[in-house]
There are 2 protein chains.
Amino acid sequence: MQVYSLSAMAEPATPTAQPRRTQVQRSATTRAALLDAALECLVEFGYANTTTSRVAERAGLSRGAPLHHFQTRTALVAAAIEHYADRRGEELRGIVERMPEGRDRTGRSLDLLFELFCSPLFQGAVDLWAAARTDPELQASLAPLERRLARDTVVLYRLLFPAQADRQALMDLVLNAIRGVSLLDVVMPGTGATAKQWRTSRALLVGLLDAE
Amino acid sequence: MQVYSLSAMAEPATPTAQPRRTQVQRSATTRAALLDAALECLVEFGYANTTTSRVAERAGLSRGAPLHHFQTRTALVAAAIEHYADRRGEELRGIVERMPEGRDRTGRSLDLLFELFCSPLFQGAVDLWAAARTDPELQASLAPLERRLARDTVVLYRLLFPAQADRQALMDLVLNAIRGVSLLDVVMPGTGATAKQWRTSRALLVGLLDAE
């Protein structure tokens, strides 16, 4: 499995020479390093094995740092997913704005949505949801995050398909089909099923979106 | 969460008076009781908490019974899913054969497929896949089961939609959309999102399947 690294995008964890950083700045840097490390651990080791001490080690921080900045392991992981979604959402909105009109715009727009679901974020999130299925407390603490992610996805969809923005049923079908194909990555990893089924499903969805 | 119980369908675990049962019969009864208990534990407690001693307790058997009949915990859980899929598949084929022609047959056929994916089996399987994502050994041992379940689903689809049996792309889209909606049960439990989105997605899929 390819491990996604955000480290290239994160602020450097080592302090810069000058000007002298304030307490607030240092705290923000530590927080960002913890969020990146938590996401990497979630993707690489799964939720069950993403302990706060492992996250601290990955971030090169003291064992106490995660719980100093986040009250619980779940809060840390949920914040990491939200942080990634924020950044990724902003990137994608930028891509949409620069996307040229013309041939296969519908197909390329679908690919963008697909990419969002096929991210390591999605795979890590499946882990978290599975754990939450039999853990009501975790479930309750994830509900606001899930609503937020669903809302972001709808915003992106409407940016990509403004002419179809009011066709709720079509949007549901498109997003559910993409979610279903993405899950194949988890269910049948390494079989090529995801790429193959995306090709065929994409063609049918383009037809539906471009009709009338 | 509603817990699915197979106990009503299982052979009675208490021995019958006469005729005296053979060793082979007793062993088959024990095996069936273990498979039912394993499935119940998977659905109720999740894969991580489905220990062999918990399964033994649920089945009312000795702690050693699970590993006497199945080599590992994973083998037991995989066999339980396969056992359930066998029984459910047979039931569904019976329902398909008795299904009358006529109005909304396409919609009712889609509902049958949807029901298959919205089963406790699917929810338990999501758990197992999520665990397998970061556990190559578990992943390898689940691959044959996953192929088997995928094959069974295709067989059922072709029984339900014989006129569309050769349209692979349409079949992929239908199954992926259903898989995507089912996942909402895990992602947003208790929100009614699954039922609502199934209603709208179903209508569009009926249109696609009934076209030409």
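Here the structure is shown first, and the text comes after it.
Owing to the predicted nature of the structure, the values given are computational and were not obtained by experimental measurement.

Draft legend 1. The packing of aromatic side chains, seen in detail. Residues and elements named next belong to chain A. Across all of its chains, the model carries eight aromatic pairs over all chains by this definition. An angle of 10° between the planes, with centres 4.3 Å apart, marks the rings of Phe114 and Trp198 as stacked. Of the two residues, Phe114 is situated in helix 5 (residues 105-117) and Trp198 in helix 9 (residues 193-210); the sequence distance between them amounts to 84 residues. When its relative accessible area of 11% is taken as the criterion, Phe114 is described as buried. Arranged with centres 6.0 Å apart and planes meeting at 80°, the rings of Phe122 and Trp129 form a pair that is edge-to-face.

Draft legend 2. Looking closely at helix 1 (residues 23-45) of chain B. Helix length check: helix 1 of chain B, at 23 residues, gives a terminal C-alpha distance of 32 Å against a target of 33 Å (1.5 Å per residue), a fit within 8%. Downstream of helix 1 of chain B by a residue or two, Gly46 of chain B has a phi angle that is positive, lying close to 85°.

Draft legend 3. The pattern of salt bridges, seen in detail. Residue and element names in this part refer to chain A. Evaluated as defined, the whole model comprises 24 salt bridges over all chains. The closest approach of N and O atoms between Glu91 and Arg88, which form a salt bridge, is 2.5 Å. With a gap of three residues between them, Glu91 and Arg88 both fall in helix 4 (residues 73-98), about one helical turn apart. Here Glu91 falls in the partly exposed class, since its relative accessible area comes to 35%. Residue Arg88 is classed as buried on the basis of its relative accessible area, which comes to 12%. Asp152 is paired through a salt bridge with Arg148; the nearest N and O atoms lie 3.1 Å apart. Of this pair, Asp152 and Arg148 both sit in helix 7 (residues 136-160), four residues apart, roughly one helical turn. Taking the relative accessible area as the measure of exposure, Asp152 reaches 26% and is therefore partly exposed. The buried category is assigned to Arg148, whose relative accessible area is 17%. Several salt bridges converge on common partners, so that one network encompasses Glu82, Asp86, Arg148 and Asp152.

Draft legend 4. Main features of the packing of helix 5 (residues 105-117) of chain B against helix 7 (residues 136-160) of chain B. Residues and elements named next belong to chain B. Between helix 5 and helix 7, the least distance of the axes is 10 Å, while the angle of their chain directions is 165°. By the angle between their axes, helix 5 is roughly antiparallel relative to helix 7. Crossing of helix 5 over helix 7 shows right-handed handedness. Here helix 5 contributes Arg105, Ser109, Leu112, Leu113, Leu116 and Phe117 to the contact with helix 7, which in turn contributes Thr153, Leu156, Tyr157, Leu159 and Leu160.

Draft legend 5. Geometry of the interface of chain A and chain B. Counting from both sides, the interface comprises 41 residues of chain A and, opposite them, 41 residues of chain B. Note on chain A versus chain B: buried area summed over both sides is about 3,400 Å², and carbon and sulfur give 66% of it. Three residues stand out in chain A for area buried against chain B, namely Arg133, Leu173 and Leu204 of chain A, and they jointly supply 19% of the buried area on that side. Residue Asp127 of chain B pairs with Arg133 of chain A through a salt bridge whose shortest N-O separation is 3.5 Å. If you look at where chain A meets chain B, you find 16 residue pairs in polar contact (both at pLDDT 80 or more). Secondary-structure elements contributing two or more residues to the side of chain A that touches chain B are helix 1 (23-45), helix 6 (120-133), helix 7, helix 8 (168-187) and helix 9 of chain A. In the side of chain A that touches chain B, the residues fall into 23 nonpolar, 11 polar and seven charged.

Conventions used here
- Residues numbered from 1 in each chain as written.
- Chains lettered and ligands numbered in written order.
- Predicted model: local features only at pLDDT ≥ 70, side-chain atom pairs only at ≥ 80, totals over all residues.
- Heavy atoms only, no water.
- Phe/Tyr/Trp six-rings, centres within 6.5 Å; stacked < 30°, edge-to-face > 60°.
- Helix = DSSP H or I, 4+ residues; strand = E, 2+ residues; numbered from the N terminus.
- Buried < 20%, exposed > 50% of the residue type's maximum accessible area, 1.4 Å probe, protein only.
- Expected span 1.5 Å × (residues − 1).
- Salt bridge = Lys/Arg side-chain N within 4 Å of Asp/Glu carboxyl O.
- Axes fitted to C-alpha atoms, helices over the stretch in contact; angles between N-to-C directions.
- Parallel < 35°, antiparallel > 145°, perpendicular 65-115°, else oblique.
- Left-handed = near helix turned anticlockwise from the far one by under 90°.
- Contact = heavy atoms within 4.5 Å.
- Buried area = accessible area lost by both parts, 1.4 Å probe.
- Polar contact = N/O pair within 3.5 Å; in protein donor to acceptor, adjacent residues only side chain to side chain.
- Nonpolar A, V, L, I, M, F, W, Y, C, P; charged D, E, K, R; others polar.

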